[in-house]
Amino acid sequence: MDKIDRKLLNLLQDDASRTNAELAELAGLSPSSCLRRIRRLKESGVISHVVALLAPAKAGRGMKAFVTVELERHGEQYMHDFLERAAQETAVTQAYSVSGQTDAVLMLRLTDMDEFDALCERLFRERSNVARYYTMFVIRTAKEVTAIPL
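Next up on the list: the pairing of strand S1 (residues 63-71). Of all 9 residues in S1, 7 are buried; the element is thus mostly enclosed. Both S1 and strand S3 (residues 104-110) contribute to a ladder of 7 bridges, which runs antiparallel. Within S3, the residue paired with Thr-68 across the bridge is Val-105. Relative to strand S4 (residues 130-137), S1 runs antiparallel, the two sharing 7 bridges.

Below is the structure:
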């Protein structure tokens, strides 16, 4: 990946709806060269997805929470089973197995407390293998970006 690739990637991270002609002009390339580079970046997996980012509150999911989870039983299969169940939940937008005292961290985008309560029933209660979980509701966001620094 060279300087021009990084320029294209930064432009795309800023606004992926730009046309190829706009990207080419901003990067100082011909449109055909620009298209070839972007195709190569997609084929190599550097660009994994091109998506539309929604305003969560306007999409009806203005409540954000982080949940740390400690499992009762440990091991790869127990973690895999929990993360697989979490990934099936609509409100779970990110799910991670992590190091340290906590076993997993979930990021939730919720409609309301009723949805959170129902999710807790399904994921954390009886026969869930969850020993304890702690929830932090986001009050104010100082920074939230999707761009990867290059």
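After that view, the rundown keeps rolling.
Time to look at the packing of aromatic side chains. Two numbers describe a pair of aromatic rings. These are the distance of the centres and the angle of the planes. All told, the structure shown has 2 aromatic pairs when counted by the stated rule. With a centroid separation of 5.2 Å and 75 degrees between ring planes, the pair formed by Phe-116 and Phe-137 is classed as edge-to-face. Taken together, the residues span a long stretch of sequence, with Phe-116 in helix H5 (residues 113-124) and Phe-137 in strand S4 at a distance of 21 residues. Under the relative-accessibility criterion, Phe-116 is labelled buried at 9%. Summarising the aromatic geometry, the rings of Phe-124 and Tyr-133 are spaced 4.1 Å apart at their centres and angled 25 degrees between planes, so their arrangement reads as stacked.

Relative to the helices and strands, Leu-9 is located in helix H1 (residues 3-14). Ignoring sequence-local partners within four residues, the contact set of Leu-9 consists of Met-1, Leu-41, Val-46, Ile-47 and Leu-150.

A few words on unusual backbone geometry. A negative phi angle is the norm for most residues apart from glycine, just as the trans form is the norm for most peptide bonds. Despite not being glycine, Asn-129 has its phi angle at roughly 70 degrees, a positive value. Take Asn-129: it is sitting in the loop between H5 and S4.

This paragraph deals with helix H2 (residues 20-27). Those residues of H2 that sit buried are Leu-23, Ala-24 and Ala-27. End-on, the buried residues of H2 take up no more than an arc of 100 degrees, which puts them together on one face. The elements touched by buried residues of H2 are H1 and helix H3 (31-43). Phi turns positive one or two residues past the end of H2, at Gly-28, with a value near 75 degrees.

The 4 strands are arranged S2-S3-S1-S4 in an open sheet whose pairing can be described as antiparallel. One side of each edge strand has no neighbouring strand; the edge strands of this open sheet are strand S2 (92-97) and S4. Strand after strand, the sheet turns through a mean of 15 degrees between neighbouring axes, direction not considered.

What counts and what doesn't
- Residues numbered from 1 in each chain as written.
- Predicted model: local features only at pLDDT ≥ 70, side-chain atom pairs only at ≥ 80, totals over all residues.
- Heavy atoms only, no water.
- Buried < 20%, exposed > 50% of the residue type's maximum accessible area, 1.4 Å probe, protein only.
- Helix = DSSP H or I, 4+ residues; strand = E, 2+ residues; numbered from the N terminus.
- Pairing = 2+ DSSP bridges.
- Phe/Tyr/Trp six-rings, centres within 6.5 Å; stacked < 30°, edge-to-face > 60°.
- Contact = heavy atoms within 4.5 Å.
- Arc of directions from axis to C-beta.
- Axes fitted to C-alpha atoms, helices over the stretch in contact; angles between N-to-C directions.

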